[in-house]
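Notes for the structure review
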Amino acid sequence: MKKLVQLAEPGSADESLARKLDSEVLPRHVAVIMDGNGRWAQERGRPRVEGHRAGVAAVRDTIEGAAELGLEVLTLYAFSVENWKRPRYEVWTLMNLLKEYLLKELSNLVENDIRLTVLGRWRELDPSVVSLIERAEQATRDCRGLRLNIALNYSGRMEIVDACRQIVADWAQGKGTDIDEETLGRYLYTSGLPDPDLLIRTSGEMRISNFLLWQISYSEICVIDTLWPDFRRGHLIQAILDFQTRNRRFGGLQSDSEDDVCDTRSV
Ligand code: IPE
Ligand code: IPE
Ligand code: MG
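Quick look at the structure, then. Here the structure is a predicted model, which is why all the values come from computation and not from measurement. (Residues numbered from 1 in each chain as written. Chains lettered and ligands numbered in written order. Predicted model: local features only at pLDDT ≥ 70, side-chain atom pairs only at ≥ 80, totals over all residues. Heavy atoms only, no water.)

Some details on the site of ligand 1
The environment of ligand 1 is formed by 13 residues, the closest being Asp 35, Gly 38, Arg 39, Arg 48 and Arg 86. One of the side-chain N or O atoms of Arg 86 is found 2.6 Å from an oxygen atom in ligand 1. For ligand 1, the accessible surface in isolation is 380 Å², of which the surrounding protein chains cover 87%. When contributions to the shell around ligand 1 are tallied by element, the ones reaching two or more residues are α3 (37–43), α4 (48–69) and α5 (88–111). (Near = heavy atom within 4 Å. Polar contact = N/O pair within 3.5 Å; in protein donor to acceptor, adjacent residues only side chain to side chain. Areas by Shrake-Rupley, 256 points an atom, 1.4 Å probe, with all protein chains shown as cover. Helix = DSSP H or I, 4+ residues; strand = E, 2+ residues; numbered from the N terminus.)

Rendered as structure tokens:
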């Protein structure tokens, strides 16, 4: 967080926002449903793909901001399994933007100690995409700063199905374990990572769209009206400020409650 305050232009809106943050209660993991590219373009009378192109700057700025804030994990929802229902040219453009991003930004990621991993059935994508992902994951494997997850060809339900299949496959090989929440969590694409504390969705839509269904059970949700291409680190900071006003109870009472905890099934 200090880094963001230092790097922000003195007197800028980002600097004054960042100064309001409580560094003791930063979310460890922020997940973002990047939505509204099509509407952004339509508002300007331009084809939808222009919105996707403009969205790349928002991705770059958000990643930089998250790294400077010192967040542990940032997960960006880039392409859902359901997005294959879109026109061929739109999907082609999205895949090409991703390839361009991986080609252009890899050295920046390494320089900034950002480890990139891709969540979803990305191995089913075009071989040209798969090889760039493999290269980026490999090149950033030892980076210890921000962990950047990109959800690509991702579906929350499929993730749970994939986890169950892998558990069954392990059983067949005699590596069976009891199934409990902890075990299932270890078989998800996000294995080893904390669940998102904060889920942000841009463009005002109040839905989850099959994103991280298991992991967001107690995430704080922040929906903002800004369309994704207009999103910048200032919006990220604002969402975190909102997060810092929330009273997370996880089914219990306020964390500072002095009452005895029941903690038993019979009263
Ligand atoms: C989000 O913007 C990008 C992806 C889903 C890939 P949209 O393309 O969904 O934009 P809207 O929601 O139609 O405005
Ligand atoms: C969610 O946005 C998927 C991504 C951001 C990649 P969509 O635009 O696909 O979601 P719906 O269709 O509005 O639910
Ligand atoms: Mg959308």
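Structure shown, so let's carry the discussion forward.
What about the site of ligand 2?
Around ligand 2 sit Ile 33, Met 34, Asp 35, Tyr 77, Ala 78, Phe 79, Ser 80, Asn 83, Arg 86, Arg 201, Arg 207 and Ser 209, and that is every residue in its neighbourhood. A distance of 3.2 Å separates an oxygen atom of ligand 2 from a polar atom in the side chain of Asp 35. Residue composition of the shell around ligand 2, grouped by class: five nonpolar, three polar and four charged. (Nonpolar A, V, L, I, M, F, W, Y, C, P; charged D, E, K, R; others polar.)

A few points about helix α2 (residues 13–20)
Quick reminder: α-helices carry 3.6 residues per turn. Residues three or four places apart thus point the same way. Of the positions making up α2, those classed as buried are Glu 15, Leu 17 and Ala 18. One side of α2 holds all its buried residues, which, seen down the axis, span an arc of 165°. Of the exposed residues in α2, the ones pointing more than 90 degrees away from its buried face are Ala 13, Arg 19 and Lys 20. Buried residues in α2 make contact with α1 (2–7) and α9 (233–243). (Buried < 20%, exposed > 50% of the residue type's maximum accessible area, 1.4 Å probe, protein only. Arc of directions from axis to C-beta. Contact = heavy atoms within 4.5 Å.)

Quick notes on the side chain of Thr 62
On the secondary structure map, Thr 62 appears in helix α4. Here Thr 62 falls in the buried class, since its relative accessible area comes to 0%. Among all residues touching Thr 62, those that are not within four sequence positions of it are Leu 74, Trp 228, Phe 231 and Leu 236.

A closer look at unusual backbone geometry
One non-glycine residue, Asp 113, adopts positive backbone phi at about 60°. Residue placement: Asp 113 occurs in the loop between α5 and β3 (115–119). With relative accessibility at 32%, the residue Asp 113 sits in the partly exposed group. Of note, Ser 209 is a non-glycine position whose phi angle comes to about 50°, a positive value. Looking at where Ser 209 falls in the secondary structure, it is placed in the loop between β5 (198–201) and β6 (220–223).

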